[in-house]
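# Analysis of the macromolecular model
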Amino acid sequence: MIKLLVVDSHPIIRKGIELLFVASKDIKVVGGVSNGEAIFDFLKQEKADVILSEIDLPKLNGITALRRLSKEHPNIKVLMFSSQPEEIYAVNTIKAGASGYLSKTANIITIKEAIEKVAAGETYLSNNLASQLAFAKGIHKSTKSTYKKLSTREIEVLKLISVGKKNKEIAQELEINEKTVSTYKSRLMKKLHVDNIVDLINRAKLMEF
């Protein structure tokens, strides 16, 4: 039986996933936590085979938590389960260590299939994204979209900028120094064709984090 940990800041999502599998013989929800840091507290006490996680999490965002999980718990598979745009996040989260990316609009059958697939050591992607990947090795190389050209780390920084985080706060959360944050901001302004922080924040908000 697959032991599943659900990570989402919304209690209704955590409870809903638990109820989906309450009678399942294949998948058991062993717990649910509301933020990125709580994942590691939970894993000190309990075991999980697959983690179903939102990207937009308090305390420690999903991508940062993903990188840490890849180092500290490499045997645990992580399936990102998000309402964030697949075309922007899917490949970047997989590059960061995720085993798959699932939209919150997915139906029950798809959710179950995705969990089982990543638990078996495979990668889960939607048919649409899989087709894109078959055409090119990465979304940032196969599209003219400006946002899709951003690196995983640049997206993380942009996300934190969009919620009003200062350089020091961004540096602490991503475990990098403030000068590096400034460098990322400069790169983002160049890539997004803006020349001041106000416009950069406005561009960040357009990404609908």
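This write-up is about the structure you can find in this document. (Residues numbered from 1 in each chain as written. Predicted model: local features only at pLDDT ≥ 70, side-chain atom pairs only at ≥ 80, totals over all residues. Heavy atoms only, no water.)

### As for the pairing of strand E1 (residues 2-7)
- The element E1 is largely enclosed, with a buried count of five among its six residues.
- Pairing geometry for E1 and strand E2 (residues 27-33), over six bridges, is parallel. Bridge pairing links Val6 to Gly32 in E2.
- Crossover E1 to E2 through helix H1 (residues 11-20) is right-handed.
- Note that E1 and strand E3 (residues 50-53) share four bridges and pair parallel. Looking across to E3, one finds that Val6 is bridged to Leu52. (Buried < 20%, exposed > 50% of the residue type's maximum accessible area, 1.4 Å probe, protein only. Helix = DSSP H or I, 4+ residues; strand = E, 2+ residues; numbered from the N terminus. Pairing = 2+ DSSP bridges. Right-handed = clockwise from strand over helix to strand, strands pointing away.)

### A short note on the sheet that holds strand E4 (residues 77-82)
- Reading across from one edge, E2-E1-E3-E4-E5 is the order of the five strands in this open sheet, with parallel pairing throughout. Each edge of the sheet is formed by a strand with only one pairing partner; in this case those strands are E2 and strand E5 (100-103). Averaged over all pairs of adjacent strands, the angle between their axes in this sheet comes to 25 degrees, without regard to strand direction.
- Sheet strands in contact with H1 are E1, E2, E3 and E4, and its direction is about 165 degrees off that of E2.
- Contacting E1, E2, E3, E4 and E5, helix H5 (residues 108-119) runs over the sheet at an angle of about 155 degrees to E4. (Axes fitted to C-alpha atoms, helices over the stretch in contact; angles between N-to-C directions. Contact = heavy atoms within 4.5 Å.)

### What to know about the nonpolar core
- With 44 residues, the main nonpolar core has Leu5, Ile39, Leu43, Ile51 and Leu200 as its most contacted residues.
- With residues up to four places along the chain from it excluded, the contact list for Leu43 reads Ala48, Ile51, Leu69, His73 and Ile76.
- By size, the runner-up hydrophobic cluster in this structure holds 17 residues, among which are Leu4, Ile27, Leu102 and Ile111. (Core = buried A, V, L, I, M, F, W, Y, C linked by side-chain atoms within 4.5 Å.)

### What about the pattern of salt bridges?
- Inspection of every chain in the model, using the stated rule, returns eleven salt bridges.
- With a closest N to O distance of 3.5 Å, Lys112 and Asp26 form a salt bridge. Remark: Asp26 occurs in the loop between H1 and E2 and Lys112 occurs in helix H5; sequence separation between them is 86 residues.
- The partly exposed category is assigned to Lys112, whose relative accessible area is 26%.
- Between Lys104 and Glu54 there is a salt bridge, and its shortest N-O distance comes to 2.8 Å. With a gap of 50 residues between them, Lys104 in the loop between E5 and H5 and Glu54 in the loop between E3 and helix H3 (62-72) connect regions that are remote in the sequence.
- Residue class for Lys104 comes out partly exposed when judged on its relative accessible area of 25%.
- You can call Glu54 buried: its relative accessible area is 5%. (Salt bridge = Lys/Arg side-chain N within 4 Å of Asp/Glu carboxyl O.)

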